[in-house]
Amino acid sequence: MAETLPLWPVSRLGDALRALAKHGGLSRGPGEAPNPPEIAWDDGSGRLGRWIVSASAGLNLEAELTGIASSDFERSLRAAGPALIEIRGRGFLAVLAGGVLLDSRSIARRMRPEAIRSAVFGDREESLGADLDRFLAESGLAERRLPRVRATLLGERLGAAQAACWLLRPSPGASFQRQLRMAGLPRRLLALAGAHAAEYALWILSWWMVGQAALEGRFDRGWLLGWMLLVLTLAPLKVLATWLQGTLALSAGGLLKRRLLFGALRLEPDETRHQGAGQLLGRVIESEAVEFLALSGGFQALVSLIELILATAVLAAGAGGSAHAMLLVVWVGFSVLLAARFVRRTRLWSEARLEMTHDLVERLVGHRTRLVQEAPERWHEAAGPTDGGIPRGVPAHGPRGRVVAGARAAWMAGGRRPRHCAGFRLGARGPSLAGGLGGRKPAGVASAAEARRRALEPGGRLDCLETDGAAVSRGGAPGAPWLAGGELAGRRRQPGADPGGGL
Amino acid sequence: MRVQYPACRNLTLRLLEPLGAPEQAAEPATPAGASKAAAGASIHFENVSVRVAGHMVLHDVSLEIPGGSHVAIVGPSGAGKSSLVGLLLGWRRPAAGSVRVDDAPLDGMASLRRQTAWVDPAVHLFNRSLFENLCYGASQSSIPMSQAIEAAELKSVLESLPGGFETRLGEGGALVSGGEGQRVRLARAMLRGGVRLAILDEPFRGLDREQRRQLLARVRRLWRDATLLCITHDIAETLAFDRVLVLEGGRLVEQGEPARLARAGGRYGAMIEAEEAVRTGLWSGESWRRLCLREGRLNG
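Residues numbered from 1 in each chain as written. Chains lettered and ligands numbered in written order. Predicted model: local features only at pLDDT ≥ 70, side-chain atom pairs only at ≥ 80, totals over all residues. Heavy atoms only, no water.

On to the overall build of chain A, then. Scanning chain A from N- to C-terminus turns up 16 helices and eight strands. Classification of the 503 residues of chain A by burial places 39% in the buried group. Expressed as a percentage of contacts within chain A between residues at least 6 apart in sequence, the contacts between residues at least 24 apart total 69%. In the form shown here, chain A has an accessible surface area of approximately 27,600 Å², with 61% of it arising from carbon and sulfur atoms. (Helix = DSSP H or I, 4+ residues; strand = E, 2+ residues; numbered from the N terminus. Buried < 20%, exposed > 50% of the residue type's maximum accessible area, 1.4 Å probe, protein only. Contact = heavy atoms within 4.5 Å. Areas by Shrake-Rupley, 256 points an atom, 1.4 Å probe, with all protein chains shown as cover.)

Here we come to the packing of helix H7 (residues 178-190) of chain B against helix H8 (residues 209-222) of chain B. Residue and element names in this part refer to chain B. Across the interface, H7 lies against H8 with an axial gap of 12 Å and an inter-helix angle of 10°. As summarised for this structure, H7 and H8 are arranged roughly parallel, according to the angle between their axes. Contacts between H7 and H8 involve Arg183, Leu186 and Met190 on the former and, on the latter, Gln211, Leu215, Val219 and Leu222. Residues belonging to the contact of H7 with H8 are distributed by class as follows: five nonpolar, one polar and one charged. (Axes fitted to C-alpha atoms, helices over the stretch in contact; angles between N-to-C directions. Parallel < 35°, antiparallel > 145°, perpendicular 65-115°, else oblique. Nonpolar A, V, L, I, M, F, W, Y, C, P; charged D, E, K, R; others polar.)

A separate point is helix H10 (residues 267-283) of chain B. Helix length check: H10 of chain B (17 residues) gives 23 Å between terminal C-alpha atoms against 24 Å at 1.5 Å per residue, within 8%. Where H10 of chain B is buried, its residues meet strand S3 (70-74), H8, strand S9 (243-248), strand S10 (251-256) and helix H9 (258-264) of chain B. (Expected span 1.5 Å × (residues − 1).)

Right, let's get into the sheet that holds strand S1 (residues 43-52) of chain B. Whether parallel or antiparallel, the strands of a sheet pair through hydrogen bonds between backbone atoms. Residue and element names in this part refer to chain B. Taken in spatial order, the four strands of this open sheet run S2-S1-S4-S5, and their pairing is antiparallel. Strands at the two margins of the open sheet, each flanked by one partner only, are strand S2 (55-65) and strand S5 (104-105). Strand direction decides the pairing type here: S1 and S2, joined by seven bridges, are antiparallel. In the strand pairing of S2, phenylalanine 45 is matched with leucine 63. (Pairing = 2+ DSSP bridges.)

Turning next to the nonpolar core. The nonpolar side chains of a soluble globular protein tend to be buried with one another. Residue and element names in this part refer to chain B. Counting residues in hydrophobic clusters, the biggest one holds 49 residues, and the most contacted among them are Leu134 and Trp223. Ranked by the residues each element gives to this core, the list is headed by H7, at five residues. Each residue touching leucine 134, except ones within four places of it in the same chain, is listed here: Met145, Ile149, Leu154, Phe165, Val184, Ala187, Arg188 and Leu191. Formed by 34 residues, the second largest nonpolar core is a distinct cluster that contains Phe45, Leu63, Ile73 and Ile199. (Core = buried A, V, L, I, M, F, W, Y, C linked by side-chain atoms within 4.5 Å.)

Glancing now at the environment of phenylalanine 204 of chain B. Residue and element names in this part refer to chain B. Of note, phenylalanine 204 is situated in the loop between strand S7 (197-201) and H8. For phenylalanine 204, a relative accessible area of 7% translates into the label buried. Along the primary structure phenylalanine 204 and glutamine 182 are separated by 22 residues, whereas in three dimensions their C-alpha atoms are 6.4 Å apart.

Further remarks concern the packing of helix H4 (residues 113-120) of chain A against helix H5 (residues 122-139) of chain A. Residues and elements named next belong to chain A. Contact geometry for H4 and H5: axes closest at 4 Å, N-to-C directions at 70°. Taken together, H4 and H5 sit at an angle that is classed as roughly perpendicular. Counting all contacts with H4, which are made through Arg117, Ser118, Ala119 and Val120, the residues of H5 involved are Gly122, Arg124 and Glu125. Tallied by class, the residues present in the contact of H4 with H5 amount to two nonpolar, two polar and three charged.

Relative to the assigned elements, glycine 266 of chain B resides in the loop between H9 and H10. Measuring from C-alpha to C-alpha, the distance between glycine 266 of chain B and valine 253 of chain B comes to 9.5 Å, with 13 residues separating the pair along the chain.

This paragraph deals with the environment of serine 77 of chain B. Secondary-structure assignment places serine 77 of chain B in the loop between S3 and helix H2 (81-89). A sequence separation of 172 residues divides serine 77 of chain B from glycine 249 of chain B, and the C-alpha atoms of the two residues are 9.2 Å apart.

Here we come to the confidence of the model for chain B. The pLDDT averaged across chain B works out to 86; a share of 93% of its residues lies at or above 70. Contacts from residues 31-37 of chain B, a stretch scored under 50 in pLDDT, to residues over four places away or in other chains number nine contacts. (pLDDT = per-residue confidence, 0-100.)

This brings us to the sheet that holds strand S5 (residues 108-109) of chain A. Residues and elements named next belong to chain A. Strand order in this open sheet of six strands is S1-S6-S2-S3-S4-S5, and the pairing throughout is antiparallel. Only two strands of the sheet have a single partner each, and these edge strands are strand S1 (61-69) and S5. Pairing between strand S2 (residues 83-87) and strand S3 (residues 91-95): five bridges, direction antiparallel. Pairing of isoleucine 85 across the sheet is with leucine 93, part of S3. Against the sheet, helix H2 (residues 47-58) contacts S1, S2, S3 and strand S6 (162-170), and its axis sits at roughly 140° relative to S1. Lying over the sheet, H4 contacts S2, S3, strand S4 (101-102) and S6, oriented at roughly 50° with respect to S2.

On to the packing of aromatic side chains, then. This structure, assessed with the given rule, holds eight aromatic pairs over all chains. With a centroid separation of 5.8 Å and 85° between ring planes, the pair formed by phenylalanine 73 of chain A and phenylalanine 121 of chain A is classed as edge-to-face. Here phenylalanine 73 of chain A, found in helix H3 (residues 73-80), pairs with phenylalanine 121 of chain A, found in the loop between H4 and H5; they are 48 residues apart in sequence, far enough to count as distant. Accessibility expressed as a relative area gives 0% for phenylalanine 73 of chain A, which makes it buried. Note on phenylalanine 131 of chain B and phenylalanine 165 of chain B: the rings are 5.4 Å apart at their centroids and 80° apart in plane angle, and the pair reads as edge-to-face. Note that phenylalanine 131 of chain B is positioned in helix H4 (residues 130-135) and phenylalanine 165 of chain B in the loop between helix H6 (155-160) and H7, a separation of 34 residues in sequence. (Phe/Tyr/Trp six-rings, centres within 6.5 Å; stacked < 30°, edge-to-face > 60°.)

Okay, here's the thing in C-alpha cells:
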C-alpha cells in the first residue's frame, strides 16, 4: 500500500515553520510566523520564497534556498533537516534531522526515502517515463532486463533535476549555545572525550600488563598477545579522536567566524568612526587569535581533564596511595590559580595590543603629516621606552609577575612536558605571545604603554595638555590663562597643584 | 626544515627591508627664536621637471619666488599645482633641474619643514583629543591658542563638542564635518611658530565663499612676512595676491601680477571670466531651489 505523504499546504506554511522550529530544536519561545496570504505557486515573482525568508526571520531563524538533486536525494534528505522541501503545486514537506517528516498535526513520521523521492519528482518521472517506455518498447531488450534499464535511464535523465529546499538554521544573532547545539557540537565533544578516555585507559592498561608481566615473571605468549591487541586497538581510537577533533574544529571555527562576522556587521557606525582602521584591524587580528585559542585551548583542556582524572586514579592505586593523589590535586589547584592569573594579565596585553595596532596604523596613515608637522626629534617620543617598554599590570612586571613567569617557566621546562598541563597552555600562552610581541615591536609596545598611561592616569591628559599648552604659549606665567573666550577657559597649572584641575 | 626555509628566508628579508632605506643626514635644529624674525624663504626653481610613475607631471618649470611674497597657484585639475608644492614638502624630487631655497640646494628637508606651515585636506587629523590635534607639531607659537581658535573660527566647533578640548576627533577627523576638520587643520598650522613658508593647498575646502574669503585674509595677515603659496580654485580671490602662477598640463603657462594678467586676457583672464559666468549665469539662475541648512535646521 502506497504511503501518504504528510504535506503542509501553502496556507499553513507559518504553522509548518513554527512546528519545525519547535521540534527541530531551533527555537524555544513562541515566535511570530503567521500563515501566508494567498500566494500563487507559479506566479514567477519569487514571492513565496521571500515570504519564507521573512517569516523565518520572525522566528529568529535563517532560511537558505538550495536545491536537492534527484541523484543524491536520499543522502541530502538525511542531512537537510530541519528544512522545507517544495513539491510544486501540492505543498511542502517539513523535514527534521535524519530525514524524519513532520506531519500537519506536528507528529514525526519516518518514511522510506525512495517513497519521498518519487513523490517529490513524481511529475517529472511520469512525463519522462512515458517517453522512456516507448523507447524501451522499440529497443527489443529482454523483458527481464527492462525494469533495471528503465530505472537506470530514468535516474540518469532525472539526475540534474532539483527540488527546491529551504534549509532552516538559527540566525547568526541567536544564542551561541543554541547554535552549537544545533550543529551537534556537544554530542561530538562527548564522543571525542569518550574516544580519548578509552584511548588513554587502554594505554595505561597496556603498561599495566607489561609491568605486571615483568614484575611477576609471567611474560608468556598469552600476555604478549593481549598487550599487542591493546596497543593495536589504540590506533583506531586515535584515528577516531583525531577525526572527531578535526570535524569539531571545522564546525566550531565556522560558527565562530559566522558569529564574529555577524557581530562586525552589527557594530554601531558611530563606534566604528570612533575606532578607526587601526582598532578595527586589531579586532580582526584578535578574532583569529580567539578562534585559535578557543579551539586549541578547548581541546587541550578537555584532553587534560581526562588525563588528570586517570592520572589521579593511577597515583591513588600506586605505591604512594592517596598521598600522591592528593599531592597531584594540590599541584593542579596551584596551577589553576596561576593560570587564572595569567588569563587576567593576558587580557591587559590584549587591550595593549589593540592600542598598539591602532597607533601603528594611524601613524602609517598620517605619515606625511608627521613628517612635515612634527619635529624629527619628537617623532619617536611616544614610542620611546616608557615604563620599561611594557604596559602596566602585565605579567613579568614587578616581583609578583616575575614569580608567576618563573613558575610558568619551571612548569613548562623539562624534556617532556607533562601532558596534563597542556590545558593551561591557553593561559600560559599569554606571556609567550607578549614576549614575542615585545621582541618584535618594542616601539609599538612602548607606544601602547604611553597610551595606557594616558588613559589610566586621571591627570595624564591634563599633564599632556599643560605641557603642550606651555609650548603653545611659552613665556606666560604659571597660572596665567592660555585660553579665554566665551565660556571656555584654560589655565596653566601652578607647580604642585592638583593634577585634576585644568580645563 | 626544507619546507620551512623559504618561508623563514622571505620573512627575514621582509623584516630587513627597512634597513635599506636611504639614510638621512643629520640637520642641526634651528635655534629657538632664531628664525622668528627671519623673513620668508626665497625659492628658486630652475628647469625643474618631475616624473611620477613614468608620467611627466611638471615640465621644465623655471621660477623665482622672492622671500615674503604671497603667490597664488591656479590651473585646472591635474595641472601639476600640488606636485609643484610637493617638491617643497619633500614628496617629490626633481627628475631634472634644481630647487633652491634661500640660495641653498633643497637636499635635507628637516630644517625647511620646521619653518613650514602646511594646510591641506590631506593633513591627517589623529584619533586623539581636539587639543592634541591642535597642538600637534606646535612649538614657539607666535599667537596664543585663543587667538588661533578665534582666527580659525573654531569657537562654535569647540562649544558644540561634547567633551570640549578633550573630545576625540575620530580617525582622520571622522567625528567632525569636513569644514570643521579643515578649520582644525588651519588652527594647527596657525599655532606653528617661526613660519617662513606657508603652503596652502585648497585650504578651505568645505567652507562657504564668505568664510573662505575671511580666512584667507586672516592667514595672509598672520603670515605676512612669510612666503605664502596658495593653491586655490577661487580665482577671484587671487586678485589680491602679489603674484599668480598659472599651470596647465604640467607647464607654467602664465605668471605675474594678477591685475595685469587679468587685463592681458590670457588663460588667467579666461579663468576669471569663466568663474564669474558660472556664478552669475549658473548658480544665480532661477532654475535652482534654494535651501538653507544652518545649525542642523533646514530653512526653505
